[in-house]
Amino acid sequence: MKNRTGEALPVPVNEQRKWFRGSCWLVLIFGMFWQGGCMGGVELVEVAPGHFVRFGLQQEPSPQNQGRIANIGFIVGERCVAVIDTGSSLREGLELREAIRRVTQLPIAYVVFTHMHPDHVLGAKAFVQDAPEFIGHAQLADALARREHFYLSAAKTWLGANFEGTELVLPNSAVTGIRKLDLGGRTIELEAHPTAHTNNDLTVFDPTNGTLWLSDLLFVERLPVIDGSILGWLRLMERLSGRDYAVVVPGHGPVVERWTHALAAQRRYLDKVATGVREVIRNNGSISQAVSQVAADEHDHWLLFEENHGRNVTASFVELEWE
Amino acid sequence: MTTVSNLKQQVLVTIAGSAALVLMLVITTAVSPLLADEGNERWLEIKGLLFGDREVRDGASLLALETPYRAMDAAVVPVEIKTLVTQTPQTYIKKLYLVIDNNPSPVAAVFHFPGKKDWQSLSTRVRVNAYTDVRVIGETNDGAIYMVSNFVKASGGCSAPPTKDPVAAAANLGRIKFKLPEAPADGSQILAQLLIKHPNNSGLQFDQISRNFIPADYVRRIEVSYNGEPVFSVDSDISISEDPSIRFGFEPEAGGELKVSVKDSTGRTFAESFGVGKGESG
């Protein structure tokens, strides 16, 4: 699957299905009708044995997409299930829970938050009934506690009626370094990272089949969003690029066969932003100048560039001017 | 008259310090629809508090204000103020108010100038909480008041938690940095940028774990002097972005020293001095 530039494929989820690859567009059209026709029938893709992903749309949250914009999913062991991110609303969380129940009746023992963003954490209330351990980076609870009001009111604006019943669930278990979860037959590894996409990024690795859930540490096709530290993120990518994984699940966009290419594209963009912003700072330029000049040639390589690039440059500017 | 408006400005600043009252203001702001007339109503209220019934004239011949029409990040909205008339000891702007109508605490900053030196540009970064008019109001040394304003589309800048990494922020609190371009040999104006590491907590963020508002903790006053002479001072408030930045034009002299002193709302003080002379580079 090659890197796409330009227009969005409305339902990238279907791109994952090997058996449909030959007639991708037909499937997309079918997929649109199918999704429209049976709302709540969540489509899952088993990206690796036991790893199920509900792919999000490459869009900003809106009443139309009901906030289903992030990749969320779960990992099934022989003993129990670990949910990896929960979506933007109680409704989306409940849809994911139903989808899990179509696959397995094993208990949902863990809900893992990959980071604080509302499109990933706000569906957690759907799983309170399972009394799982809610697990996040050691800095996640503090980050969410500070943002609760802001995130909930933003989500309410985005989702309208679909927001109903949504509440924030804070993690009751904190990860520093690496934490292992035995799901029965497979022990997954949660790794807490230094500040990068946010100050509470957590990845999930399954050594039994080499699958890594990078979540929002990797944006595929959609412009990466900096809400932590551009320097930290670049450092983390340096470390990641030396590792070998069979399957990498990004937070947004499809699972691609050559994940290192997707990582390289993201790295190229963030590098260009850092280099460009540094140059504006060195020439005593302003934030506004940086926003209009820096990495403008990346425009055609990403979805949602207009929506997020200016903020990325601004965030990088206020970080890099302290170097 | 000046004393009275000073007092009232103090009242506004004091109101900003009290989280509960600020919250009430926030709610009022959130509830009122953002129609043009409503915006004017809010401005009339602010204007009454700041200037009483004094006349506020069109300042387009005196001042220019540059803001993005749509902010990229509501917590970091760049604002540049330019003087269109040479500042001389005979005629100068002695006070400059930066007002963001629809923010919970609308008076973002009040700059004071001694009037001895010319300046052409002053920039800072502000938080914008809702679509709003941003105003710059200059009071000249003869007591006349002039205003320019721009409309800015941004929202959520005050209640959003801007600190992306609180641990790093706490470790660097109070650090002061000066950025200077190569000083021109002819002694013309240079733009110096003052940066202060400070979370500038607005007091508007509720912490669900502690069940309390994160206390307001923001830079309240900055004084800048050059070779012992004040360049400007500013009374600042919660609408100023995290890690306050002020970029200002001034004329370096041979063997000069810039001094900065900063005081925050919790009483902490920070100070720093930098050798900045003609022909020297920062």
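Before any of the text, the structure's been laid out above.
Residues numbered from 1 in each chain as written. Chains lettered and ligands numbered in written order. Predicted model: local features only at pLDDT ≥ 70, side-chain atom pairs only at ≥ 80, totals over all residues. Heavy atoms only, no water.

Points about the overall build of chain B
Quick reminder of the rule: Put simply, DSSP H or I for four residues or longer makes a helix, DSSP E for two residues or longer makes a strand, and each gets a number counted from the N terminus. Whether two residues are in contact is decided by their heavy atoms: any pair within 4.5 Å suffices. Methods summary: accessible areas were calculated by the Shrake-Rupley approach with a probe of 1.4 Å, and residue burial reflects only the protein chains presented.
Within chain B, the regular secondary structure consists of 4 helices and 17 strands. Within chain B, contacts between residues separated by at least 24 positions form 69% of all contacts whose residues are at least 6 apart in sequence. By element, 54% of the accessible surface of chain B is carried by carbon and sulfur atoms, the whole surface being about 11800 Å².

Notes on the side chain of Ser123(B)
Residue and element names in this part refer to chain B. We count it as follows: For the exposure calls, accessible area comes from a 1.4 Å probe over protein chains only, and a residue counts as buried if that area is under 20% of its type's maximum, exposed if over 50%, partly exposed in between.
Relative to the helices and strands, Ser123 resides in strand β6 (residues 121-126). On the accessibility criterion, Ser123 (14% relative accessible area) is buried. For Ser123, the residues in contact, after removing those within four places along its chain, are Val79, Glu80, Ser245, Ile246 and Arg247.

A short note on the interface of chain B and chain A
Worth spelling out the cut-off: Note on definitions: buried area is the accessible-area loss of two parts on being combined, 1.4 Å probe, summed for both. The term salt bridge refers to a side-chain nitrogen of Lys or Arg lying within 4 Å of a carboxyl oxygen of Asp or Glu. Polar contacts, as counted here, are pairs of nitrogen or oxygen atoms within 3.5 Å of one another; within protein the pair requires one atom able to donate a hydrogen and one able to accept it, and residues that are adjacent in sequence qualify only if both atoms are side-chain atoms. For this classification, the nonpolar set comprises Ala, Val, Leu, Ile, Met, Phe, Trp, Tyr, Cys and Pro, the charged set comprises Asp, Glu, Lys and Arg, and every other residue, Gly included, is treated as polar.
Across the boundary between the two partners, chain B contributes 31 residues, which contact 31 residues of chain A. For the pairing of chain B and chain A, the buried interface totals around 2700 Å² over both sides, and the portion due to carbon and sulfur atoms is 56%. At the boundary of chain B with chain A, the tally comes to 1 salt bridge. Note that Glu321(A) and Arg125(B) form a salt bridge whose closest N and O atoms lie 2.6 Å from each other. Between chain B and chain A we count 8 residue pairs in polar contact (both at pLDDT 80 or more) in total. Among the elements of the structure, α4 (166-172), β9 (176-179), β10 (190-196) and β11 (206-207) of chain B are those that each provide at least two residues to the side of chain B that touches chain A. Broken down by element, the side of chain B that touches chain A gets its largest block of residues, 3 residues, from β10(B). Here the residues of the side of chain B that touches chain A are counted per class, giving 14 nonpolar, 6 polar and 11 charged.

Regarding the sheet that holds strand β8 (residues 178-182) of chain A
Residues and elements named next belong to chain A. Rule in force here: DSSP bridges decide pairing: two strands pair if at least two such bridges lie between them. For helices, the fitted line uses only the C-alpha atoms of the stretch in contact; every axis is such a line through C-alpha atoms, and the angle between N-to-C directions lies from 0 to 180 degrees.
Pairing in this open sheet of 5 strands is mixed, and the strands run β8-β9-β10-β11-β12 from one edge to the other. In this open sheet, the two edge strands, each paired with only one partner strand, are β8 and β12 (247-252). Across the sheet, the mean angle separating the axes of adjacent strands is 25° when strand polarity is ignored. By the bridge criterion, 5 bridges tie β8 to strand β9 (residues 187-192) in an arrangement that is antiparallel. Directly across from Ile178, in β9, lies its bridge partner Glu191. This element, helix α5 (residues 230-241), spans β9 and β11 (211-219) of the sheet and lies at about 150° to β11.

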